Amino acid sequence: MRTREDTTSLHCALLRTRDSFALQSTLVMASKREKAFNTACQEEVYRQVKSYLDELVDEHFDDAEHCDFYLKYGSTVLEISIDPYQEDDAVIEVLAFCVQGVEPSFELMTELLKVNSEVPLGAFSMDGEHVFFSHSFLGRRLRPEQLIASLDVVANVSDEYDEKLVAKYGGETAIDRLRSGGLRPPVQLAARKADSN
């Protein structure tokens, strides 16, 4: 289970390489902890997702301690988390950090709800001053095409709307926030996830 201290110690940094970006995590902890799975199914699904990601994407960061993966797509950063669901399943959540530091407003909320009614999978959400787009599904019988479809929809919708939302309502895209050294998974979101486990 992720704690507030664990979350604030995880800082994702995007390093510019010659031709691409490499996602790297800097853990501000004295020692690395062991993987902590809550159920055997969560561990099985985690290993399956890792296997698929190793085949599908060139670069991803594996935060095994928290059963999360991070990868860059366009102007957004994706987090893939695997959380236990009862004893015999696990929930895979693909979450995009769309806009960081935007002032909540009625107009913004209305636009997010309108887009939610139009997209085939996933939904926008807002936590404080952060806008996310995510899709969740059960993972015990995971097939590669399920993961690919979820990654594709979440990444494309987020990449399509993040810059539009920033232009209209302010804030920064996830990539801009990473470049400035300020993106961290928000404490409120991680606390919400920890409380639900």
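Everything below is about the structure printed above this text.
Residues numbered from 1 in each chain as written. Predicted model: local features only at pLDDT ≥ 70, side-chain atom pairs only at ≥ 80, totals over all residues. Heavy atoms only, no water.

**As for the overall build of the chain**
Now for step 1: Along the backbone of the chain there are six helices and nine strands.
Now for step 2: Sequence-distant contacts, at least 24 apart, represent 63% of the contacts inside the chain between residues at least 6 apart. (Helix = DSSP H or I, 4+ residues; strand = E, 2+ residues; numbered from the N terminus. Contact = heavy atoms within 4.5 Å.)

**So, the pattern of salt bridges**
Now for step 1: Applying the stated criterion across every chain yields a total of nine salt bridges.
Now for step 2: Among the ionic pairs, R140 bridges to D88, the shortest N-O distance being 3.6 Å. Of the two residues, R140 sits in the loop between β8 (130-138) and α4 (144-169) while D88 sits in the loop between β5 (76-85) and β6 (89-100), which places them 52 residues apart along the sequence.
Now for step 3: Here R140 falls in the partly exposed class, since its relative accessible area comes to 34%.
Now for step 4: Note that K168 is salt-bridged to E111, the shortest N-O span being 3.1 Å. Within this pair, whereas K168 is found in helix α4, its partner E111 is found in helix α3 (residues 106-116), the two being separated by 57 residues in sequence.
Now for step 5: Put simply, K50, D54 and D62 are held in one network by salt bridges that share partners. (Salt bridge = Lys/Arg side-chain N within 4 Å of Asp/Glu carboxyl O. Buried < 20%, exposed > 50% of the residue type's maximum accessible area, 1.4 Å probe, protein only.)

**Looking at α3**
Since the α-helix packs 3.6 residues into each turn, any two residues three or four apart lie on the same face.
Now for step 1: Looking at α3, one finds that the buried residues are L108, L112, V115 and N116. Down the axis of α3, the sector holding all buried residues measures 105°, keeping them to one side. In α3, those exposed residues whose orientation departs by more than 90 degrees from the buried face are F106 and L113.
Now for step 2: Tucked inside the fold, the buried residues of α3 contact β7 (123-127), β8 and α4. (Arc of directions from axis to C-beta.)

**Overview of the packing of helix α2 (residues 40-56) against α4**
Now for step 1: Taken N-terminus to C-terminus, the directions of α2 and α4 make an angle of 65°; their axes are 11 Å apart at the nearest point. One element, α2, and the other, α4, form an angle in the roughly perpendicular class. Judged by the twist between their axes, the crossing of α2 over α4 is right-handed. Residues V49, Y52, L53 and L56 of α2 pack against P144, L147, I148 and L151 of α4. (Axes fitted to C-alpha atoms, helices over the stretch in contact; angles between N-to-C directions. Parallel < 35°, antiparallel > 145°, perpendicular 65-115°, else oblique. Left-handed = near helix turned anticlockwise from the far one by under 90°.)

**Things to note about the side chain of Q42**
Now for step 1: Looking at where Q42 falls in the secondary structure, it is placed in helix α2.
Now for step 2: A residue is classified by how much of its surface remains accessible, and Q42, at 3% relative accessible area, is buried.
Now for step 3: When near neighbours in sequence (up to four residues on either side) are disregarded, Q42 contacts F37, C67, I82, D83, P84 and A90.

**Examining the nonpolar core**
Now for step 1: The biggest cluster of nonpolar side chains holds 40 residues, and the ones touching the most others in it are V49, I80, I82, I92, F124, V131 and L165.
Now for step 2: When residues of this core are traced back to their parent elements, those giving at least two are α2, β4 (68-73), β5, β6, α3, β8 and α4.
Now for step 3: It is α4 that contributes the most residues to this core, ten residues altogether.
Now for step 4: Non-local contacts of V131, meaning those with residues more than four positions away in its chain, are made with A96, F97, C98, V99, Q100, V102, L108, L112, F124, S125, M126 and L165.
Now for step 5: The next biggest cluster of nonpolar side chains, apart from the first, holds nine residues, and it includes V77, L95, F97 and A174. (Core = buried A, V, L, I, M, F, W, Y, C linked by side-chain atoms within 4.5 Å.)

**Side note on α2**
Now for step 1: Taking 1.5 Å per residue, 17 residues should reach 24 Å; α2 reaches 24 Å between its end C-alpha atoms and fits that length.
Now for step 2: Buried within α2 are the following residues: C41, Q42, V45, Y46, V49, Y52 and L53. Buried positions in α2, seen along its axis, are confined to an arc of 135° and lie on one side of it. What points out from α2, more than 90 degrees from its buried face, is the exposed set A40, E44 and E55.
Now for step 3: For α2, the secondary structure elements touched by its buried residues are β3 (61-63), β4, β5, β6 and α4. (Expected span 1.5 Å × (residues − 1).)

**Comments concerning the pairing of β7**
Now for step 1: Bridge count for β7 against β8 is five bridges, and the pairing is antiparallel. Each residue of the ladder has a partner; that of S125, found in β8, is F132. (Pairing = 2+ DSSP bridges.)

**Some points on the packing of aromatic side chains**
Now for step 1: Applying the stated rule across the entire model yields six aromatic pairs.
Now for step 2: With a centroid separation of 5.9 Å and an interplanar angle of 85°, the aromatic rings of F124 and Y161 are classed as edge-to-face. One end of the pair, F124, is in strand β7; the other, Y161, is in helix α4, with 37 residues separating them in the sequence. For the pair shown, F124 and Y161 are each scored as buried.
Now for step 3: Ring pairs connect the aromatic residues F37, Y46 and F69, which therefore count as one cluster.
Now for step 4: Positioned over the ring face of Y161 is K164, at 5.1 Å from the centre of the ring. (Phe/Tyr/Trp six-rings, centres within 6.5 Å; stacked < 30°, edge-to-face > 60°. Lys NZ or Arg CZ within 6 Å of the ring centre and 35° of its normal.)

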